[in-house]
Each structure stands twice: as C-alpha cells, then as structure tokens.
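Coordinate analysis (summary)
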Amino acid sequence: MSFEGRDILTTEDLSKEDLLHIMKVTAQMEELVKKQRISDLLKDKLVAVIFLEPSTRTRLSFETAINRLGARPITVADAGSSSAKKGESLADMGKTVAGYVDCIVIRQPQTGGAKIIADAVEIPVINGGDGSGQHPTQALLDLYTIQKEEGGLEGLKVAMVGDLKYGRTVHSLSYALAPFNPQYIYCAPDELRMPDRITSDMEDRGITVDSTARIEDALQADIIYMTRIQQERFKDPAEYERLKGSYVLNRELVEKGKKGIAIMHPLPRVDEISTDVDVLPNAAYFRQAHNGVYLRMALLALVMGRA
Ligand code: CP
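The following refers to the structure shown. Everything numeric in this text was worked out from a predicted model, so none of it was measured.

Turning our eyes to something else, we now look at the overall build of the protein chain. In terms of helices and strands, the protein chain carries 11 helices and 9 strands. Along the longest, intermediate and shortest principal axes, the C-alpha atoms of the protein chain span 55 × 45 × 40 Å. Partitioning the contacts of the protein chain with sequence separation of at least 6, the portion at a separation of at least 24 is 73%. The averaged location of the 44 negative side-chain charges in the protein chain is 5 Å from the averaged location of its 38 positive side-chain charges.

Here it is in structure tokens:
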C-alpha cells in the first residue's frame with residue numbers, strides 16, 4: 001500500500017485497509033519516539049504549516065512531528081501575517097508555497113478550502129481543519145486513541161455530544177470509525193444536530209444512529225466524545241449565548257454512566273467537561289492530544305513516501 005503523494009483532506013475516502021495501515025505506522029512512530037526521540041527519516045524535507053485560524057494542538061503537534069522526523073517546518077501561525085490578508089486566493093498561495101516545500105499542512109476557515117489547494121499543487125496537502133467541514137488528522141488520532149483505550153476498534157458504541165453541526169471533528173470521526181461496525185449516539189440541541197447528509201451516509205452504511213438531546217442517553221455508550229460549541233461559526237451571537245453550556249459533563253454525571261466509559265474531547269474545552277473529571281482514569285482527552293504527534297508523524301512519513 002502506498003500513500004506517497006496522497007492528500008489527506010477528509011476521512012470519507014479512507015478505506016478500512018488505509019485506516020489500519022495508518023494505525024500501524026502510528027504505533028511504529030510512537031515506538032520510535034519512545035526509543036530514540038528524534039529520527040532523520042525526513043531530514044531532506046521541508047513542510048509548510050499554514051494556519052489561518054487559531055490552533056494550539058494541531059499546529060504544535062505537526063511542528064513537533066516534523067522536528068521529530070528530522071524535517072523542517074516553515075510556519076504561518078497567524079492569518080494577519082500572510083498575504084491571505086491582502087486577498088490572495090488559496091490556489092495562488094498553494095502554487096507559490098508548493099515551490100518552496102515538499103508538503104503543505106493547512107488550516108483555514110473555508111469548507112473545502114484544503115481541496116482547492118490540493119487541486120492546484122502537485123505536492124501532498126494535509127487538511128488541518130477546513131471551517132466546519134472536516135478535520136481528518138484529528139479523527140485519525142481519535143481512532144488511534146480509541147484503539148489504545150478500548151483495545152480495538154470493532155463494534156463500539158460511540159456517543160458524540162455538543163455541536164455536531166459545526167464541529168468538524170465529529171464529521172470526520174463519523175466516517176473514520178464507520179468501517180468498524182460502530183453504533184452512534186448523536187447528542188445535540190436541535191439547532192446543532194449532525195448534518196442530515198452525514199446521518200444518512202451512516203445509515204446507508206448500515207450503522208445504527210440514535211439521535212437525542214439528553215446527555216444521560218449518551219452516557220450508556222462505550223465512549224463519550226464531548227465537543228465545544230463552536231462560537232466562531234455562529235452568525236448570530238445571541239444564538240451562541242443561548243446554546244453555550246448546553247452540556248457539561250461533571251463527575252456526578254460520569255458516575256451515572258457506563259462503568260469505565262472512555263471520555264474523549266478534541267480540545268480545546270471551554271466548560272463541556274468540568275475539571276473534577278480530569279483525574280478519572282478513563283478521562284482520555286490529554287492522552288488523546290499527545291497521540292496527535294505520533295499520528296501526524298505517521299501521515300507525514302506516509303505522504304512523503306518514507307513510512
Ligand atoms: N483539536 C484541535 O484541533 O485543537 P486546536 O484547535 O488547538 O488545533
């Protein structure tokens with residue numbers, strides 16, 4: 001199986017074999033980091049890390065991954081410091097940067113924006129989050145985390161809670177887990193339901209999807225995946241004010257749920273999980289964030305033909 005030159009734009013086009021291969025290479029990267037910290041696998045490569053929206057985890061874990069593989073990052077960490085601010089198109093930016101580096105990682109606010117760049121360039125493009133569209137590298141690190149926390153990926157009941165309309169991580173996760181016979185509980189206020197297209201796609205694949213607005217229903221799953229209400233996507237600030245704080249997972253609620261339920265969150269959190277949950281052994285969200293380095297190392301090595 002070769003990933004060389006492939007773009008990672010969405011989880012919709014990844015087969016079960018692709019996903020398992022990515023998990024295997026991610027485990028190898030974890031071992032590599034634990035044994036030797038830094039490798040020279042990509043020592044002749046440069047990677048552009050262009051973030052036109054805020055990020056802590058995705059940008060810094062990509063930069064960590066790049067450095068751990070011996071490659072070098074060139075970084076845009078602020079939309080205001082690039083010529084996007086002057087109105088340059090994504091395609092023109094991509095064509096320019098592709099002449100400088102071997103791979104582009106891009107986060108920007110337009111759904112489908114990473115694909116615009118990928119269509120304009122020959123080098124691999126990795127989507128670090130495109131508006132309220134997809135966040136494939138997050139979903140893949142979520143898969144890796146689930147595999148480690150649960151001992152496998154098959155047949156799990158997964159509840160996704162919060163802003164399922166604008167939350168790109170849950171869009172990507174729904175597709176990434178789909179080949180592994182999951183059951184889904186989509187838990188959201190009516191205004192923030194999972195887009196119908198995604199729910200229908202899951203049902204067409206034979207996946208049982210239960211939709212609810214009650215977090216108590218979500219607590220009976222094997223995994224509860226909390227998400228932030230995405231303030232930056234709301235056109236009406238009053239609607240955000242009304243919906244923020246819809247779900248807060250606290251210790252009392254966790255104790256009413258399935259014993260040992262794995263608690264995940266892509267982070268950043270605002271107040272969706274109270275800090276008294278952090279000490280529970282099944283609170284997996286910081287381990288989840290740390291797994292991002294291994295997964296992103298794997299993707300970089302794969303798309304640059306070195307895995
Ligand atoms: N989970 C995630 O994408 O976090 P950042 O926005 O900090 O990158």
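That shown, we press on.
The next subject is the pairing of strand S1 (residues 46-51). The element S1 is extensively covered by neighbouring structure, given that 5 of its 6 residues are classed as buried. Sheet analysis places S1 next to strand S2 (residues 72-76), joined by 5 bridges and oriented parallel. Residue pairing across strands places Val49 opposite Thr75, the latter belonging to S2. In this region the chain leaves S1, passes through helix H2 (residues 57-68) and returns to the parallel neighbour S2; the handedness of that crossover is right-handed. Summarising the sheet, S1 and strand S3 (residues 103-108) pair through 5 bridges and their orientation is parallel. By the bridge assignment for S3, Ala48 is matched with Ile104.

Here the focus is the site of the ligand. Near the ligand, the surroundings consist of Ser55, Thr56, Arg57, Thr58, Arg107, His135, Gln138, Pro266, Leu267 and Pro268. Measuring from an oxygen atom of the ligand, one finds a side-chain N or O atom of Thr58 at 2.7 Å. Between Arg107 and the ligand, the recorded distance is 2.9 Å, taken from a side-chain N or O atom to an oxygen atom. Summarising the interface, the protein chains cover 91% of the accessible area of the ligand, which totals 260 Å² for the free molecule. Taken atom by atom, the bulk of the ligand overlaps the largest pocket. Residues that form the shell around the ligand fall into these classes: 3 nonpolar, 5 polar and 2 charged. In this structure, the shell around the ligand is formed jointly by two domains, domain 1 (11-134 + 292-303) and domain 2 (136-288), each of which donates at least three residues.

This brings us to the layout of surface pockets. Empty space among the atoms can be located by rolling a probe the size of a water molecule over them. A volume near 390 Å³ is recorded for the largest pocket. Inspection of the lining of the largest pocket shows a minimum of three residues originating in each of domain 1 (11-134 + 292-303) and domain 2 (136-288). Volume-wise, the second largest pocket comes out at about 260 Å³. What lines the second largest pocket is a set of 17 residues, among which Glu12, Thr111, Gly133, Gln134 and Arg197 lie closest to the centre. Listed by contribution, the elements that provide at least two residues to the lining of the second largest pocket are helix H4 (113-120), strand S4 (125-130) and helix H7 (196-204). For the lining of the second largest pocket, the two domains that each supply at least three residues are domain 1 (11-134 + 292-303) and domain 2 (136-288).

How each quantity is defined
- Residues numbered from 1 in each chain as written.
- Predicted model: local features only at pLDDT ≥ 70, side-chain atom pairs only at ≥ 80, totals over all residues.
- Heavy atoms only, no water.
- Helix = DSSP H or I, 4+ residues; strand = E, 2+ residues; numbered from the N terminus.
- Contact = heavy atoms within 4.5 Å.
- Lys, Arg positive; Asp, Glu negative; His and termini not counted.
- Charge placed at Lys NZ, Arg CZ, Asp CG, Glu CD.
- Buried < 20%, exposed > 50% of the residue type's maximum accessible area, 1.4 Å probe, protein only.
- Pairing = 2+ DSSP bridges.
- Right-handed = clockwise from strand over helix to strand, strands pointing away.
- Near = heavy atom within 4 Å.
- Polar contact = N/O pair within 3.5 Å; in protein donor to acceptor, adjacent residues only side chain to side chain.
- Areas by Shrake-Rupley, 256 points an atom, 1.4 Å probe, with all protein chains shown as cover.
- 1 Å grid on protein atoms, 1.4 Å probe; cavity = no way out; pocket = protein on both sides within 12 Å on 5 of 7 lines; lining within 4 Å.
- Sits in = over half its atoms within 2 Å of the grid points.
- Nonpolar A, V, L, I, M, F, W, Y, C, P; charged D, E, K, R; others polar.
- Domains from an automatic or database assignment.
- Points joined across faces, edges and corners; volume = space filled by probe spheres on them.

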